[in-house]
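Residue-level listing of the chains:
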Amino acid sequence: RRTSERVRAEPSFRLSMGICFSDENREARRVRNPEMDTTTRNIYRLLVLGVSNSGKSTLCRHLTYLFGEGPGRAELQLYKRIIRSNVVELTRQILKLRIKPDGKTIDVKPELVKSAEYIMSSEVESNGFYDFTKEMSRELIKIWEDDDIRETKMDNIGDNATYFLSRINVLALSGYSPSPADVLHSRVRSVGFGRHIFRVGNNIFEMTDVGGDSSDRRKWSRGYSMATSVLYVMSLTSYSETGSGLVRENPQKSEEESLPVTVMEQSISLFKDICEESKLRNASIILFLNKRDIFKERIKQIPIRKCRAFAGYDGPEDDYKSCIEYMKKTILSRIGVERNLYVYVTCAVDERNVRRIFESVSDTVRTKALEVVGTLS
Ligand SMILES: Nc1nc2c(ncn2[C@@H]2O[C@H](COP(=O)(O)OP(=O)(O)OP(=O)(O)O)[C@@H](O)[C@H]2O)c(=O)[nH]1
Ligand SMILES: [Mg+2]
């Protein structure tokens, strides 16, 4: 199973993804709001960068939930479809892992064969979603009530798998409406630029979320000249992920040779480029080492040494703090220019963590912006 297949099956949106939480009309209404205009002089433009699946949109959505307007009714309807589609896709991925060597039959209990076949024969419709009919929800519930299925290792399926599968009965209800946590765990690939605006005290923050796929990265530079600050999101778990799955041992090769290129290495290299980008020299750069919750569990199974960038780590394998310190040091040592960089270890789905970190980040952004104004004047 290749990650690219999984990615294709994830719904994606051009610009409208940002709109899910602050569509341009609403955005314009808020910015034109006279109260906001007369009392607010400070607008900070935050450009959120990072490779695909690092958690950029999740962070933007969470901040909009905390400090802006939550999603409206139409947006929640859209999320309902996204989430249900995510669940069908996750189930298909798990069933694919159970396809027998004959390539046709699926290794499930006899009474589940029909359900498994039904789900595997479903296809994404032209609107980008799976059709979540009553029959589909019945078959999904049957599959997820099975103990063997629930015990499948879900590390490489999707970061939201465990969360959604424990809520399948709720998601299938006819009157289901996504909770904030459901929305934050949903997965939708962003395409192009999405904008989120919210206000904290007298300051307006305008966040620009981008798609992280290689085709989208070419467009990132369009946002450089406007950025007060870059929030670069790097998934901590990407040390163990390659484009096509989790890092695996290759017994045929020596240890050093057998280490594949990980997503983390690609992300570090992009981060280095961003830090060295002359158009961003006046912007503050803040690095978010995200998905710390999943990382804490992942290091118990895959040591960080398995990523070439951290092959020199000789501390305790499952010591979270020691691993993070080493990774931070290694990432920062790659940057070839003198810059003040700010680093936070985050969990974008954890409200307390996001709130606390944003308070600190907004202080940094504002202080640095004032320094730049001072230097330019
Ligand atoms: N458990 C957990 N899941 C997270 C965290 N951050 C993001 N996720 C999940 O990771 C998945 C990917 O997050 P996104 O925010 O869509 O990633 P992205 O960087 O916007 O990806 P692209 O739009 O493809 O560039 C989603 O299912 C999120 O719910 C985190 O800190 N912890
Ligand atoms: Mg996104």
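Predicted, not measured: the structure shown is a model, and the values here were computed from it. (Residues numbered from 1 in each chain as written. Chains lettered and ligands numbered in written order. Predicted model: local features only at pLDDT ≥ 70, side-chain atom pairs only at ≥ 80, totals over all residues. Heavy atoms only, no water.)

Comments concerning the confidence of the model for the protein chain
Per-residue pLDDT for the protein chain has a mean of 85; in total, 84% of the residues score no lower than 70. Note on residues 1-8: pLDDT under 50 across the span, and 19 contacts to partners over four residues away in sequence or across chains. (pLDDT = per-residue confidence, 0-100. Contact = heavy atoms within 4.5 Å.)

Some details on empty space enclosed by the protein
If you walk through the whole model with that rule in mind, you get 3 cavities of 30 Å³ or more. Forming the boundary of the largest cavity are Leu59, Leu63, Phe288, Thr346, Asn353, Val354, Ile357 and Phe358. Broken down by secondary-structure element, the contributors of at least two residues to the lining of the largest cavity are α5 (56-67) and α17 (351-376). Sorting elements by how many residues they give to the lining of the largest cavity places α17 first, with 4 residues. Grouping the amino acids of the lining of the largest cavity by side-chain chemistry returns 6 nonpolar, 2 polar and no charged. (1 Å grid on protein atoms, 1.4 Å probe; cavity = no way out; pocket = protein on both sides within 12 Å on 5 of 7 lines; lining within 4 Å. Points joined across faces, edges and corners; volume = space filled by probe spheres on them. Helix = DSSP H or I, 4+ residues; strand = E, 2+ residues; numbered from the N terminus. Nonpolar A, V, L, I, M, F, W, Y, C, P; charged D, E, K, R; others polar.)

Some words on the UniProt feature "binding site: GTP" (unreviewed entry) in the protein chain
This chain's UniProt record puts "binding site: GTP" (unreviewed entry) on Asn290, Lys291, Arg292, Asp293 and Ala348. Judged by maximum C-alpha separation, these annotated positions cover 59 residues in sequence but sit close together in space, the widest gap being only 9.5 Å. Looking at where Asn290 falls in the secondary structure, it is placed in strand β9 (residues 284-290). When its relative accessible area of 3% is taken as the criterion, Asn290 is described as buried. Ignoring anything within four residues of it in the chain, the contact list for Asn290 reads Ser54, Gly55, Val233, Met234, Ser235, Leu236, Thr346, Cys347 and Ala348. By secondary structure assignment, the location of Arg292 is in helix α15 (residues 292-301). Ignoring any residue separated from it by four or fewer positions in sequence, one finds Arg292 in contact with Leu236, Tyr320, Val345, Thr346, Cys347, Asp350 and Asn353. (UniProt positions renumbered as here; feature names shortened; annotations may be inferred. Buried < 20%, exposed > 50% of the residue type's maximum accessible area, 1.4 Å probe, protein only.)

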